[in-house]
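Here's the letter readout for the chains.
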Amino acid sequence: MKRKQPTLTPDQALAAWDAAPAVAPEWELSLDCELITPMYGGGVVPGEVDCGMPIRASAIRGQLRFWWRLLNGSGMRSPELFQEECELFGGVAKAGPVASPVTIQVESGAAAAPVAKRTLEKDIRIPPYAFMDPSANPPLQKHGHRWTLLVDGSRLDADRRSQLLDAIRWWASFGGVGARTRRGLGAVRVHDAGIAPVMPGEIERLGGLLVSGRGEANAIKAWNDSVQTLAKFRQLPDGRASGTGGRPGRSRWPEADTIRALGRHRAKRDSDKHPAHDYYPRAAFGLPIVFQRDPKGTLNPADHERMASPLILRPYFDGTGYCPAALLLPGWEQRLKIKARFETHQIWRLDSVGALAGAAEAGAPALAPVWPEPERERRAAARFAPVKGRGDNPLTAFMSYFKERLG
C-alpha cells in the first residue's frame, strides 16, 4: 500500500508557521547582561563568533545546567542527579523524555564584526595565558556588548525556582559565554539588583575557595592581574631558577624530570632529579599540557582526552567594583587524585635495567600521579619550591600566592 503524500509543501508549512499568532510568555526575569571581557567563540562553529546571534540561549542554558549540578549534586548518585537535572532543564533520563519547564530567550542586536585578537590588543591588553596557544590570533567579540536574558520559570515550585535563581547568580558571578571562560574570556556582568554576587561564605560552605584582590574600576585590568598571576606562578620567578646567557634556568616544576626519568633522558644521579620528580603537579590546573622541548609530547588524563581546570580566573564584581579573582570550584581536591599519561611521538631507548619497559614504542603512554597520597603530601611540598611554605598541594599554594600578590 502506497503512503499518502503530504498535502503541504515545506514552503507552505513554513508560511503557515510564520502566519500563526505568536504567544509571548510572561517573563519572570528580564536581565540586562554585559560582556566585561572579550568573548572567544560562542557560535555554531567552534572558535568562531556568530555575528547574527553572538549570544545563544542554548549556550546559557548549558552554563546554568553546569552551575546547577555543582550546587545540587552533593549526596546524589549520577542517575538521580541527571533525572533531577532533566526535570528542571529538560532531557532524556531513565524515566523517559522530559520537557523543561524553564524557558530561556536572548534578545540581542547583531554584533559588530569580530575583531582579531592582535587588532583588539592595540586598544586593550589581553593576557596571553588566557589562550592555550598565546600566539593565536582568533576573532573575538569585543567587550561591552549587551543583551537581555529573558527567563520564565513560572511553572516551577518554590524550591526549584530558588535552585534556578542560584544557578543564575553563580553563572553571573563566575561563568560566562563562549569558550575559555575559566580563563576569564566571555565574562559576564548582570546589571540587576536582584541578582546579588555570590559571597565567599557561600563558596566555602560548598567546599570551594575564593581569593580576590583589591577592587578596580576597570574589569580588563582585574582580568589581566588574575591571569598573569597564574602565569607567573607557573613560570617566573617561583617556577624557574635563574638562567645564564639569556636562557631560562632549570624548571622548579617536576614534570620535565618525571618525563626524562621514563626514557633515555633518565637522570644519571639522584642529585640530578627534581625533589618531586615522580609527579605531574601542574596537571591539577587542567589537561592537556603540550611539551615542546625534548622529549616532546602531550600530557593527558589517564582515562580521558581533556580535564577542565578546577580554577576560574576572572574579574569578580563584588557589588562595588571589579576585583581580580581566583575561584577553586567545590570538589577541586579530586584533581589531585588522578593519574596523567605522557604520550610522545619519539622513540625512546631502554636503559640497561629496562626503564620504560612496555612504553618504548612511539606514542605509548607512561602514567604518573598528579600529586602524592595525603601521608606524603607535606614531605613532598616541603621540597618543592613553588609550593613550599604556601600549602600542601599546587592548587592551595597558588591561592596563597594569589593572595600574596594581589590581596
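Computed from a prediction, not measured in an experiment: that's the story for all the values here. (Residues numbered from 1 in each chain as written. Predicted model: local features only at pLDDT ≥ 70, side-chain atom pairs only at ≥ 80, totals over all residues. Heavy atoms only, no water.)

### Quick word on the confidence of the model for the protein chain
Low pLDDT marks regions whose predicted coordinates should not be analysed in detail. For the record, the criterion: You can read pLDDT as the predictor saying how much it trusts each residue, on a scale of 0 to 100. Whether two residues are in contact is decided by their heavy atoms: any pair within 4.5 Å suffices.
Summing up the model confidence of the protein chain, the mean pLDDT is 84 and the portion of residues at 70 or higher is 81%. Note that residues 267–271 has pLDDT below 50 and, in this model, 2 contacts with residues that lie over four places away or in other chains.

### Observations concerning the sheet that holds strand β11 (residues 289–291)
Put simply, the test is: Two strands are said to pair when DSSP picks up at least two bridges between them. Here a helix means four or more residues in a row that DSSP labels H or I, a strand means two or more in a row labelled E, and each is numbered from the N terminus. Axis angles are defined between N-to-C directions and span 0 to 180 degrees, where every axis is a line fitted to C-alpha atoms and, for a helix, only to the segment in contact.
Across the sheet, which stays open at both edges, the 4 strands sit in the order β11-β12-β15-β16 with antiparallel pairing between neighbours. If you trace the sheet from one side to the other, it starts and ends with β11 and β16 (366–369), each paired once. Pairs of neighbouring strands in the sheet enclose a mean axial angle of 25 degrees, with direction left out of account. Judged from the 3 bridges that link them, β11 and strand β12 (residues 297–301) form a sheet pairing that is antiparallel. Its bridge partner lying in β12, V290 is registered against T298.

### Some words on the pattern of salt bridges
The line we're drawing: In the sections that follow, a salt bridge refers to a side-chain nitrogen of Lys or Arg positioned within 4 Å of a carboxyl oxygen of Asp or Glu. Accessibility here uses a 1.4 Å probe with only protein chains present; expressed as a share of the type maximum, an area under 20% marks a residue as buried, one over 50% as exposed, and anything in between as partly exposed.
Under the defined criterion, the tally for this structure stands at 16 salt bridges. We note a salt bridge from R169 to E202, for which the minimum N-O separation is 3.0 Å. In this pair, R169 is assigned in helix α5 (residues 158–174) and E202 in helix α6 (residues 200–205), connecting sequence segments 33 residues apart. Owing to a relative accessible area of 11%, R169 belongs among the buried residues under this scheme. E216 is the salt-bridge partner of K221, the closest N and O atoms lying 3.6 Å from each other. For E216, a relative accessible area of 24% puts it in the partly exposed group. Linked by salt bridges that have partners in common, R65, R69 and E85 make up one network.

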